[in-house]
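# Structural description and commentary
These are the residues of each chain, in order.
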Amino acid sequence: MAQKPAIPKGTRDFGPNVMARRDYIFNTIKEVFKLYGFEPIETPAMENLSTLTGKYGDEGDKLLFRILNSGDFLSNINDAEKQSFETLGPRISEKGLRYDLTVPFARFVVQYRNEISFPFKRYQIQPVWRADRPQKGRYREFYQCDVDVVGSDALINEAELVQLVDEVFKRLKIKVVTKINNRKVLAGLAEYIGQPEALIDITVAIDKLDKIGIDQVNAELREKGLSDKAVELLQPVLFMEGSTTEKLTMLEKLIGHLDIGAKGIAELRQLFDYLRIMDISMPVELDLTLARGLNYYTGAIFEVKAAEVPMGSICGGGRYDNLTGVFGMPDMSGVGISFGADRIYDVMQSLELFPEKAMQSTQIIFLNFGEKEMTYCLPFLQKIREKGLSAEIFPDAAKIKKQLRYADQKQIQIVVMAGESEMDAGQFTIKQMQTGEQITVAAQSLIEKLAERLKA
RNA sequence: GUGGUCGUAGCUCAGUUGGUUAGAGCAUCAGAUUGUGGUUCUGAGGGUCGCGGGUUCGAAUCCCGUCUUCCACCCCA
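Here is what the cut-offs are and how they apply
Residues numbered from 1 in each chain as written. Chains lettered and ligands numbered in written order. Predicted model: local features only at pLDDT ≥ 70, side-chain atom pairs only at ≥ 80, totals over all residues. Heavy atoms only, no water. Buried < 20%, exposed > 50% of the residue type's maximum accessible area, 1.4 Å probe, protein only. Helix = DSSP H or I, 4+ residues; strand = E, 2+ residues; numbered from the N terminus. Pairing = 2+ DSSP bridges. Axes fitted to C-alpha atoms, helices over the stretch in contact; angles between N-to-C directions. Parallel < 35°, antiparallel > 145°, perpendicular 65-115°, else oblique. Contact = heavy atoms within 4.5 Å. Nonpolar A, V, L, I, M, F, W, Y, C, P; charged D, E, K, R; others polar. Arc of directions from axis to C-beta. Patch = residues over 30% accessible without salt bridge, like charges linked within 9 Å, V, L, I, M, F, W, Y side chains within 5 Å. Areas by Shrake-Rupley, 256 points an atom, 1.4 Å probe, with all protein chains shown as cover. Salt bridge = Lys/Arg side-chain N within 4 Å of Asp/Glu carboxyl O. Lys, Arg positive; Asp, Glu negative; His and termini not counted. Charge placed at Lys NZ, Arg CZ, Asp CG, Glu CD. Expected span 1.5 Å × (residues − 1). pLDDT = per-residue confidence, 0-100. Core = buried A, V, L, I, M, F, W, Y, C linked by side-chain atoms within 4.5 Å.

The next point concerns the pairing of strand 5 (residues 120-129). Strand 5 sits mainly inside the fold: nine of its 10 residues count as buried. The pairing of strand 1 (residues 39-40) with strand 5 spans two bridges and is classified as parallel. Paired with Pro40 across the strands is Tyr123, a residue of strand 5. Bridge count between strand 5 and strand 6 (residues 141-150): 10 bridges; the pairing is antiparallel. Each bridged residue has a counterpart across the sheet, and for Pro127 the counterpart in strand 6 is Tyr143.

Let us now look at the packing of helix 10 (residues 209-223) against helix 11 (residues 228-238). For the pair helix 10 and helix 11, interaxial distance at closest approach is 9 Å and the crossing angle is 160 degrees. Comparing the axis directions of helix 10 and helix 11 gives the class roughly antiparallel. From helix 10, Leu209, Ile214, Asn218, Leu221 and Arg222 reach across to helix 11, where they touch Asp228, Val231, Leu234, Gln235 and Leu238. A class-by-class count of the residues in the contact of helix 10 with helix 11 yields six nonpolar, two polar and two charged.

Looking at helix 9 (residues 199-206), one finds that the buried residues are Ile202, Thr203, Ala205 and Ile206. Summarising the axial view, the buried residues of helix 9 lie within an arc of 165 degrees, below the 170-degree limit, and thus occupy one face. Residues of helix 9 that are buried make contact with helix 8 (183-192), helix 10 and helix 11.

A surface patch of like charges, here positive, comprises Lys399, Lys401, Lys402 and Arg405. You can see Lys401 is positioned in helix 17 (residues 400-409). Residue classification places Lys401 among the exposed residues on the basis of a relative accessible area of 65%.

Between the first and last C-alpha of helix 13 (residues 259-277) there are 28 Å, a value that for 19 residues agrees with the 27 Å anticipated at 1.5 Å per step. Along helix 13, the positions that sit buried rather than exposed are Gly261, Gly264, Ile265, Glu267, Leu268, Leu271, Phe272 and Leu275. Buried residues of helix 13, seen end-on, are gathered within an arc of 160 degrees and therefore sit on one face of the element. Exposed residues lying more than 90 degrees from the buried face of helix 13 are Asp259, Lys263 and Ile277. Looking at the buried side of helix 13, the elements it contacts are helix 7 (156-172), strand 7 (176-182), helix 8, helix 12 (244-255), strand 8 (284-286) and strand 9 (300-306).

Under the defined criterion, the tally for this structure stands at 20 salt bridges. With a closest N to O distance of 2.4 Å, Arg122 and Asp148 form a salt bridge. Taken together, the residues Arg122 in strand 5 and Asp148 in strand 6 connect sequence positions 26 residues apart. With a closest N to O distance of 4.0 Å, Lys170 and Glu167 form a salt bridge. One end of the pair, Lys170, and the other, Glu167, are both in helix 7, three residues apart, so they sit about a helical turn from each other. A single network of salt bridges, built from pairs that share partners, joins Glu31, Glu167, Lys170 and Arg171.

Bringing the confidence of the model for chain A into the picture now. Mean pLDDT over chain A works out to 88, with 97% of the residues at or above the 70 mark. As scored by the predictor, the complex reaches a pTM of 0.87 and an ipTM of 0.82.

This part covers the nonpolar core. Formed by 95 residues in total, the largest nonpolar core has its most connected members in Leu164, Phe169, Leu275, Phe339 and Ile344. Apart from residues lying up to four places away in sequence, Phe169 is in contact with Ile174, Val176, Val304, Ile314, Cys315, Phe339 and Ile344.

The strands that make up a sheet are held in pairs by hydrogen bonds between backbone atoms, and each pair lies either parallel or antiparallel. Reading across from one edge, 13-12-14-15-16 is the order of the five strands in this open sheet, with mixed pairing throughout. In the strand order of this sheet, the two ends are held by strand 13 (391-393) and strand 16 (438-442), each with one partner. The average undirected angle you get between the axes of adjacent strands in this sheet is 25 degrees. Examined bridge by bridge, strand 12 (residues 364-366) and strand 14 (residues 414-417) share three bridges and lie parallel to one another. Paired with Ile365 across the strands is Val415, a residue of strand 14. Helix-sheet contacts for helix 16 (residues 371-386) involve strand 12, strand 13 and strand 15 (427-432), and the interaxial angle to strand 13 is about 165 degrees. Packed onto the sheet, helix 19 (residues 446-455) meets strand 12, strand 14, strand 15 and strand 16 and runs at close to 10 degrees relative to strand 15.

Taking strand neighbours across the sheet as the criterion, the eight strands line up as 1-5-6-11-10-9-7-8 in an open arrangement whose pairing is mixed. The strands lining the two open edges of the sheet, one partner per strand, are strand 1 and strand 8. Relative to strand 10 (residues 315-320), strand 9 runs antiparallel, the two being bridged by four bridges. Within strand 10, the position partnered with Ile301 by the bridge is Gly318.

Laid out in structure tokens, this is it:
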């Protein structure tokens, strides 16, 4: 048992069944991305630590997987440097695994600024790694599917992303609710209650509202140094009800006189105006308690949750005005969202939303009756593949029972048999596994008959 | 990173207050059926009980450590 191989904590293997489902999700997402004019890029699994550190806050830095330098990395290090992780760390590790796709993308944009024509619309589907403690639905290696537009301030980008989200989940048949907020509004609120410096603490706290309740949120706000008066002023916002228009009107009264607040409100108004004429089929709500942890967001923020399954957000994103600034390229605004493929998988699995069709692998299998019979089949096998039908031949002349069992378990729809009698008559026997129905056809009409049967 | 929790066959789990050779179902493989699957029947293989150490005449069972699982924080997809 102990000798049995294993994989690291928080990582997973994906067998053929799971892969068929994962591919279904990825392919659906990719199709929609392309439909909206996004192009794929890929970046390396590892980045220089200088690229990654400091972009995700202190918490994020702790969750970076660091890669030990190669060779005898301790030989040139003096004892003083060995005393603490702060000094030793940079000496023995210069690379780390990417933590998300957004920061590598920012690096990519800056690095290839002269080759990219803006606005740049890219999508990226790759694994990311976090040294988090795993739990259900939280892994140390997981895939993100990011779409971003950089180099355009226009709010139509936000609106189109919401539309894209709608399309993806419509295709996957997942009922979702999308929540939208704006960091400028949150900043306005922080200013309104007289503690603009507490913006981050406020967002982190109120983000937990639906999870821990109002009392706990208020307790946390006080703990973070908010005055009683400030907490008091915040209450009406946390409980704001009504339509989006009504909420915006109320907000206007509270923070409309503040520069940043007015800007945030105007952005939200514009965005919701666009959405109204876009015929979005999922519910889209303005949620003032939506904050999202990532601190680089500066405008709109989005979060998408499955309506029928309790699960964290399955998709989220926002506008970041200065992500490339840290890499020396200021004034490059971007907006993007990320789909959490693993959670989408879990949602679809629990609602049994994976279509039968997506699970099929091989469509046709030739049974193997022996060497002679196999050579009789081989030319037809090739022709079938040329037609775009997936087909295989059982490689060994095993017992028919075993071969059929193989076909059955692999959910192959059609079995083609040719033994001595069929060979002599220039025929094939076609068996449909689901019904057990069997017909014998002339060799020259085999492909036609197969195609017919598979269409039905 | 903090606190807790779990670990017995490929999978799901039994296993008495520590007591001989650790069991079942499912799965796998073989046979009943030398050209017909998903049902049935028969049989077989597969475990140093997560790993390491300790207590004991004796440990799957008790203790310590470690790894893993899951959970609550933190944070997040």
